[in-house]
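# Structural overview
One letter stands for each residue in the lines below.
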Amino acid sequence: MRTFFTAESCKEAHPNALNPQSWLQVERGKLPKLSSQSSSTSIESVIKVPQPPILPFFKPVDYVEVLAQIHEELESCPPQEQSSLFLLQYQVFRGLGDIKLMRRSLREAWQRAKTVHEKIIFGAWLKYEKQGEELIAGSLTGMRAISYFSLTGHLLEVPPNLLLEILAFANKYCCDRLKKACDKKLASLVSSKEDAVELMEYALDENSAVLAASCLQVLLRDLPNCLSDNQVVELFVHANRQQLAIMVGPGLFALFCFLSEVSMNLNSSSDTTAHFLERLVDFAENDKQRLLAFHQLGCVRLLRKQYEEAHRLFEEAVNAGHFYSVAGLARLDYIKGEKLLAYEKISSVISSVTRPGWLYQERSLYCDGDLRWKDLEKATELDPTLVYPYMYRAASLMKKENSQGALAEINRILGFKLSLECLELRFLIYLALEDYKAALRDVQAILTLCPHYRMFEGRVAASQLRTLVREHVERWTTADCWAQLYDCWSAVDDIESLSVIYQMLESDAVKGVLYFRQSLLLLRLNCPEAAMRSLQLAWQHASSEHERLVYEGWILYDTGHYKEGLRKAEDSLSIKRSFEAYFLKAYALADSTQDSSCSSTVISLLEDALRCPSDNLRKGQALNNLGSVFVDCGKLDSAADCYIKALNIQHTRAHQGLARVHFLKNDKAAAYKEMTNLIEKAKNNASAYEKRSEYGDREHTKADLEMVTRLDPLRVYPYRYRAAVLMDNHKEDEAIAELSRAIAFKADLHLLHLRAAFHEHKGDVLGALRDCRAALSVDPNHQEMLELHTRVNSHEP
């Protein structure tokens, strides 16, 4: 292996240190052959680990305590304050990186909003987050209906310019009824960004709240696009408090929270982002809002190298109670050349508070050698979801020419978290090893997840590197691609499958089907946004109307509209009987009704699907699902028949279903063996180890669950099992510690529920109540949690 140089991760790269074009601009089909003495422009020199950013998120030391406080306040606060509390809850979940819970909190904020303005803000925010588009449409329709009602009784049809004159007249002479009619009529005419900008001026001048709200709605619905219009940005940035009160009523903090998030996603260091966050600081009304605003603006000032101002803001955030902002202060000390001071600053807080993993990650930046390695190991132990420690260790191992160790380290996290940065690093490692086939796989997976991804700190488009590497890999025919897809799908190698599909999409193959398969893989890899994008591409590239209806049905199904998805399946079947339409109908029917009697219909639909033409990849999945339904109905022989048929066409996951059948027939040994077969065949097998743990003796179960935690620390069942065993052995404190280990980085209902029950068992009412409240923040409708909360609450001192 060639010599590898890694840059110091804590130092800013010199602007001229990297010139990828020096090796991109080569003869077509050839990558440069570099000697071990090559210059800093070699491939090896650009494999480096960037400094982990100070994240612009609310990251409390004990998020469980904060969620519990929010839940307690929600139980007693006035209705008009609830949406603000759900916004704070959203920020907690954002700091945890849980998109599903973030969106649920936004939806709750929208539902609890008591003013039209807040409804507009949270509705637009949901739309921006790719959810809740129907809320926006409903609000606009209602406003127009009101306008029409007002018009028919009080105003004739007149052009907009005349309406503006009438409005000014009504305002001047205090004709409230006339003013209201004009206001609502004008609001109904706002249909474009240009209308909104122009009419907003009149709305603010004439104190017309309904017109202003309509203009605001149109602008927010156009995010992020409208932020490229200086007029729109200036409208929000320069409006005074009185004008903003007309525009958004009491929703000032929510508005600038939303605008600043959108702007940060576009460009964190832009003037627009800074201006929005300055306004967020201005309109913060309590400590929680202030600490968020100070910290976020501090992060932006840090990016803009406005270090003195950043220091002041991080200090303000710390004083308001945001402990994570200490990392910003330490980073500023380091930038000033005071590395020891930065180290000591983090060390002092490590010894005084609960110790989240990011503290050790941050301190590692300010030490070297074994001390750094030790801190990064501790960071991973406390929070295995942190990406930087794996990347640093992989780069360090490459520096020592231990390529296999480097790959094993980066594969540890890619086994449970599909991180673009880690895929990029692995791509670069494979380039250094001249393993172009593996490098191509990773860059194609990157482009599937993020089509416009740029490597080398944003300097080079990933697609450009992919074109270059592609020339060094043998081209496959369409038949080769299908064979390869079949093999890696059977091996449960999802990243390889993504890469093969990406390659197939270059050909003249039917793209709708391929994009649909891509969406299935992305869902399996827990990438819901990328999966939805692929599903929409499948819809766009559908080769027929009946196929398009199926993809529309899956889009509806994946957004929770099961009955609407069912109708699309039926519409598709009315045109043509197809495997996918029957398969969708079976899925949608099963989830759109609680009636267990529908199982026979679902079985019939899956059998109809299997009689239609399709490939073995999909037929294997249908057989597997059919087997599962038979098991639920107690028809074990029929289920086994389905699973065996699926295995005969290499649907590897059917081993799990067949193991379940063996277990239900009281043959644990056969079940254990079946899961062992799956473990041996599947590349991604954490779930297989977890399932096998149910069929072994106690020692085998313990070993399997330890393996699950090593392979995928986000799977919660092993922590719960180990904690339950400890409780059985009367080791209560150790049991609670085992659950706390996972709760530290994953807000999971079942972990919180079990820990609450343990606290109750110990007589720790306050601890139990805290966990109950935090759990109900994760799922407010969980019946067992509600019952435990009621019981514990009755014992509160």
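### Looking at the nonpolar core
Formed by 136 residues in total, the largest nonpolar core has its most connected members in F427 and M455. Apart from the residues lying within four places of it in its own chain, the contact partners of M455 are E424, F427, V443, I446, V460, A462 and L465. If you look at the next biggest cluster of nonpolar residues, it comprises 107 residues, including A109, V233, L244 and V716.

### Quick word on the confidence of the model for the chain
When the pLDDT values of the chain are averaged, the result is 87; 86% of them are 70 or greater. Averaged over each element, pLDDT in the chain is lowest for helix α1 (residues 21–24) (39) and highest for helix α16 (residues 307–319) (98). Residue range residues 1–41 is modelled with pLDDT below 50. Its contacts to residues more than four positions away, or to other chains, number 83 contacts. Below pLDDT 50 for its whole length, residues 131–151 participates in 31 contacts with residues either more than four positions away or in separate chains.

### Let's talk about the packing of aromatic side chains
Scanning the entire structure with this criterion turns up 21 aromatic pairs. Residues F256 and F276 carry aromatic rings whose centres are separated by 6.2 Å and whose planes lie at 55° to one another, so their mutual orientation is tilted. Remark: F276 occurs in helix α14 (residues 271–283) and F256 occurs in helix α13 (residues 252–266); sequence separation between them is 20 residues. For the pair shown, F256 and F276 are each scored as buried.

### Some details on the pattern of salt bridges
Evaluated as defined, the whole model comprises 44 salt bridges. Where R475 meets E471, a salt bridge forms, and the shortest distance between an N and an O atom there is 3.5 Å. Under the relative-accessibility criterion, E471 is labelled partly exposed at 28%. Residue R755 is joined to D771 by a salt bridge in which the shortest nitrogen-to-oxygen separation is 2.7 Å. Pair noted here: R755 is in helix α42 (residues 749–762) and D771 is in helix α43 (residues 765–778), with a separation of 16 residues, a long-range link.

### Quick word on unusual backbone geometry
Cis geometry marks the peptide bond from L223 to P224, where omega comes out at 5°. Position of P224 among the secondary structure elements: in the loop between α10 (209–221) and α11 (230–238). Of note, E434 is a non-glycine position whose phi angle comes to about 60°, a positive value. Residue position: E434 is located in the loop between α23 (420–432) and α24 (436–449). The class for E434 is partly exposed, based on a relative accessible area of 29%. One non-glycine residue, N526, lies in the positive phi region at around 60°. Within the secondary structure layout, N526 lies in the loop between α28 (511–524) and α29 (528–540). Its relative accessible area of 64% is what places N526 among the exposed residues.

Definitions and limits used
Residues numbered from 1 in each chain as written. Predicted model: local features only at pLDDT ≥ 70, side-chain atom pairs only at ≥ 80, totals over all residues. Heavy atoms only, no water. Core = buried A, V, L, I, M, F, W, Y, C linked by side-chain atoms within 4.5 Å. Buried < 20%, exposed > 50% of the residue type's maximum accessible area, 1.4 Å probe, protein only. Contact = heavy atoms within 4.5 Å. pLDDT = per-residue confidence, 0-100. Helix = DSSP H or I, 4+ residues; strand = E, 2+ residues; numbered from the N terminus. Phe/Tyr/Trp six-rings, centres within 6.5 Å; stacked < 30°, edge-to-face > 60°. Salt bridge = Lys/Arg side-chain N within 4 Å of Asp/Glu carboxyl O.

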